[in-house]
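Coordinate analysis (summary)
Residues per chain, in single letters:
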Amino acid sequence: MKKIYIETYGCQMNVNDTEVIFAILAEAGYARTEVMQEGDVILANTCSIRDNAEQRIWGRIEVFAAEKRRRPGVVVGIVGCMAERLKDSLLDSHKVDLVAGPDAYRSLPRLLQDIAPDRPQINVLLSHEETYADIRPVRIDKNGVSAFISIMRGCNNVCSYCVVPYTRGAERSRDPQTIVDEARDVYAKGYKEVTLLGQNVDSYFWKAADGPVDFAELLARVAAIAPDLRVRFSTSHPKDISDAVIETMGRYDNICKGIHLPVQSGSDRMLEKMRRRYTRAWYLDRVRKIRSVMPDCVITTDVIAGFCSETEDDHRDTLSLMREVGYDAAFMFAYSERPGTLAARNYPDDVPPEVKNRRLTEIIELQNTLSLESNRRDIGRSFEVLVEGPSKRNPDEACGRTSGGKMCVFPTGGTPLKPGEYVSVRVLDCTQATLLCERV
Ligand code: 5AD
Ligand code: SF4
C-alpha cells in the first residue's frame, strides 16, 4: 500500500482540506504516514496569504526535492492556495510532479496514477459547486476533542489586499443537512467541540425545499445536537455579522462566546481603500451589539500594518480603535503585496519596510498590553473548561479552553483528566497568553 505524507500550512480551512485529501486518497487505497521519509507521495498543502508564508513553503519544497533525489520513486506535490496562484509555473523548477488547486482534490487519485517521469500532472480548475459535502474528512487532530467542519468554500468579497478570492474561487455554501450530519457523527465519535469554517461564515446561505437556511439558523441546528457539544465558528465579516447570529449565540450556552472579527484597520480611509465595505463607526456598533447580548464575549481580530499610502494618522486610528474595543487577542501582520490583487494593480506598496515594521511593533506592543489587561480582568472568576490534555510545560497540570477560547492551565489534583472532559476552574493569576487556574 502506498503511503502519503502531507504538511499543512495556512489557515484552519487548510487543515480541514488536508483531512478531505486524506479521505479521498484513503478511498483510493493510500495509507497515511506522519513521517516524511516513509511517504511515497509527499504533499505540501500551501498558503499564499503573505509572501513570507510562500517563502517558508519554498524552503520545505527544497527539502522534499532532496528526499526525492535520495528516493527517486517519490512523488512531490504542491496543493492548495500556492498551487492555484502559481499554476503550471510551479512545474518549471522540475522539483514537483503534481500541482492541484483547492477544488481539484477529487482528481488526486487519477492525477497520481498518471504521473510518470517527465509527465507531471496539474489540475487547477476552480469550481462553482464543489464543497466536498459528501466526503467525511479523516481527522488529523491529536486528541479527539475538537473537529473542523467546512460549511462553505471560496470568497466573494474582493478585499483589495487579499489573494484568497483568486486562490479559492467563488463563494458557495454546503448543504446544511450534510453539515449537521457530520457534526453528529464527530459527536458520536467522542468529539466535544466543532468549529464551523468559512472565509465569511455570515454570508452562509442555502435554499432548501422547506425554506432558506442562513448562518444563524445553521448555528442553531448544530448547537441543538447536544448541550455538551461546543460550537465555534470562523471567520466573521464585520459588514455581514447579523443581529440574528449574535442573538443565536446568546440563546445557546454551548455556542462559544468568542468572535473573531477581523478589523484590518481603524482608519476609514484605509478601510475604503481595502474595500472592506464597513466604517469604523459600523464596526464599533457591531462590537456594541455583541457586548449588549454577551457582555463577556471574547473578541479577537486581525490587523494589517502599513497598507498602501497609510499615514501616521491612519496608524493612530488603528491603535485608538484597538484600545476602544479592548481586544482580547489579535493576529497582526505587515502588509504584503500579493500579485494580481486589486491593491497590487492599483496602489503602490509605498510604506517603507522600516515604517511598516515600526508600526507593526507598536500594534503588537499595544495588543500585548490589552491581552494582559483582558486576562487580569478574569482573575477571581470561574470558568467551565474543556480539557484538551496535559499542559506542555508540566505533566501534573492539564490545559483546556474557556468558552471564549482562552487557554487555561491548572493542576489535575492527582487524578488524571481525560481530554474531552469538562471541569470548573477559578483563575488565580495570568500571563498575557494563559489563565493560571485551580480546580473548583
Ligand atoms: N498582507 C498582510 N496581511 C494580509 N492578510 C490578508 N492578506 C494580507 C496581505 N496581503 C491578513 C488579514 C486577514 C488574515 C487572514 O491575513 O488580516 O484577516
Ligand atoms: Fe487559508 Fe488564505 Fe492561506 Fe489559502 S491563502 S491557505 S485561504 S490563509
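Calculation notes
- All chains use their own residue numbering, which begins from 1 and follows the written sequence.
- As a convention, the first chain written is A and the first ligand written is 1, with the rest following in written order.
- The predicted origin of the model limits local features to residues at a pLDDT of at least 70 and limits the giving and counting of side-chain atom pairs to 80 or more, whereas totals for whole chains, interfaces and linings rest on all residues.
- Hydrogens are left out, water is left out, and the side-chain values use all remaining heavy atoms of the structure.
- Two strands make a pair as long as DSSP finds a minimum of two bridges between them.
- By definition, any uninterrupted DSSP run of H or I lasting at least four residues is a helix, any uninterrupted run of E lasting at least two residues is a strand, and each is numbered from the N terminus.
- Comment: axis = line fitted to C-alpha atoms, over the contacting stretch for helices; angle = value between 0 and 180 degrees taken between N-to-C directions.
- Any two residues whose heavy atoms approach within 4.5 Å are treated as being in contact.
- Nine residue types can take part in a nonpolar core, namely buried Ala, Val, Leu, Ile, Met, Phe, Trp, Tyr and Cys, and a core is a set of them joined through side-chain atoms within 4.5 Å.
- Burial classes follow relative accessibility: with a 1.4 Å probe on protein chains only, a residue under 20% of its type's maximum area counts as buried, one over 50% as exposed, and anything between as partly exposed.
- By convention here, the domain bounds are inherited from an automatic or database domain assignment.
- When an angle is under 35 degrees it counts as roughly parallel; over 145 it counts as roughly antiparallel; between 65 and 115 it counts as roughly perpendicular; any other value is oblique.
- Left-handed describes a crossing whose near helix is turned anticlockwise from the far helix by less than a right angle; the clockwise case is right-handed.
- In this classification, the charged set is Asp, Glu, Lys and Arg, the nonpolar set is Ala, Val, Leu, Ile, Met, Phe, Trp, Tyr, Cys and Pro, and all remaining amino acids, among them Gly, are polar.
- Residues are labelled near a given molecule or strand when at least one of their non-hydrogen atoms is within 4 Å of it.
- Ring geometry is summarised as follows: Phe, Tyr and Trp rings, the Trp one being its six-membered ring, pair when their centres sit within 6.5 Å, and such pairs are stacked at plane angles under 30 degrees, edge-to-face over 60 and tilted between the two.
- What a helix should span is 1.5 Å times the count of its residues minus one.
- Once two parts are put together, the accessible area they lose, assessed with a 1.4 Å probe and summed over both, is termed the buried area.
- The term salt bridge refers to a pairing of a side-chain nitrogen on Lys or Arg with a carboxyl oxygen on Asp or Glu at a separation within 4 Å.
- Residues adjacent in sequence count toward polar contacts only when both atoms are side-chain atoms; beyond that, a polar contact is any pair of N or O atoms within 3.5 Å, and within protein one must be able to donate a hydrogen and the other to accept it.

The strand order across the open sheet built from three strands is E14-E15-E16, with neighbouring strands paired in parallel fashion. Looking at the sheet topology across the chains shown, the edges are occupied by strand E14 (258-260) and strand E16 (329-334). Within this sheet the neighbouring strands show an average axis-to-axis angle of 10 degrees, counted without direction. Where E14 lies against strand E15 (residues 298-305), three bridges are found, and the strand directions are parallel. In the strand pairing of E15, His260 is matched with Thr300. Contacts between helix H13 (residues 353-377) and the sheet are confined to E15 and E16, with E16 contributing the most and set at about 175 degrees to the helix.

Formed by 55 residues in total, the largest nonpolar core has its most connected members in Leu196, Phe215 and Val222. Among the elements that take part in this core, helix H7 (residues 215-223) stands out by supplying six residues, more than any other. A domain split of this core shows at least three residues from each of domain 2 (141-256) and domain 3 (286-375).

This next bit is on the packing of helix H10 (residues 280-293) against helix H11 (residues 312-325). Running from N to C, H10 and H11 cross one another at 15 degrees; their axes reach a closest spacing of 11 Å. Accordingly, the angle class assigned to the pair H10 and H11 is roughly parallel. In this structure, H10 crosses over H11, and the sense of that crossing is right-handed. When H10 is examined against H11, the residues Arg280, Tyr283, Leu284, Val287 and Arg291 are found in contact with a partner set consisting of Asp317, Ser320, Leu321, Glu324 and Val325. Looking at the contact of H10 with H11 residue by residue, the classes come out as five nonpolar, one polar and four charged.

Every residue near ligand 2 is listed here: Cys11, Asn14, Thr46, Cys47, Ser48, Ile49, Cys81, Val164, Arg168 and Gln199. Each of domain 1 (3-123) and domain 2 (141-256) gives at least three residues to the shell around ligand 2.

Within the structure shown, the criterion is met by five aromatic pairs. Consider the rings of Tyr161 and Phe307, whose centres lie 6.3 Å apart with planes at 80 degrees: the pair is edge-to-face. Of this pair, Tyr161 sits in the loop between strand E8 (152-153) and helix H5 (164-168) while Phe307 is found in the loop between E15 and H11, placing the two residues 146 residues apart along the sequence. Note on Phe307: relative accessible area 0%, which makes it buried. Between Tyr278 and Tyr283, the ring centres sit 6.0 Å apart and the planes meet at 40 degrees, which makes this aromatic pair tilted. For Tyr278, a relative accessible area of 6% gives the class buried. The rings of Tyr161, Phe307 and Tyr335 are connected pair by pair, giving a single aromatic cluster.

What follows concerns the packing of H7 against helix H8 (residues 243-251). Two elements in contact, H7 and H8, have axes whose closest approach is 8 Å; the angle formed by their N-to-C orientations is 15 degrees. Viewed along their axes, H7 and H8 adopt a mutual orientation that is roughly parallel. Remark: the crossing between H7 and H8 carries right-handed chirality. Residues Phe215, Ala216, Leu219 and Ala220 of H7 pack against Ala244, Val245, Thr248 and Met249 of H8. Residues of the contact of H7 with H8, tallied by class, amount to seven nonpolar, one polar and no charged.

Along its 14 residues, H10 runs 20 Å from first to last C-alpha, staying within 8% of the 20 Å computed at 1.5 Å per residue. Within the sequence span of H10, burial applies to Arg280, Tyr283, Leu284, Arg286, Val287, Lys289 and Ile290. Among the structural elements, H8, E14, helix H9 (268-273), E15 and H11 are those in contact with the buried residues of H10.

This brings us to the domain arrangement of the protein chain. Annotation of the protein chain at the domain level lists domain 1 (3-123), domain 2 (141-256), domain 3 (286-375) and domain 4 (382-439). A separation of 33 Å is found between the C-alpha centroids of domain 1 and domain 3. Taken together, the contact between domain 1 and domain 3 spans six residues of the former and five residues of the latter. Interface area, domain 1 with domain 3, both sides summed: about 440 Å², of which 44% is carbon and sulfur. Together, Arg50, Asp51 and Arg85 form the three largest contributors to the area buried by domain 1 at its contact with domain 3, with a combined 83%. Inspection of the region where domain 1 meets domain 3 yields one salt bridge. Joining domain 1 to domain 3, the criterion identifies three residue pairs in polar contact (both at pLDDT 80 or more). Looking at the side of domain 1 that touches domain 3 residue by residue, the classes come out as one nonpolar, one polar and four charged.

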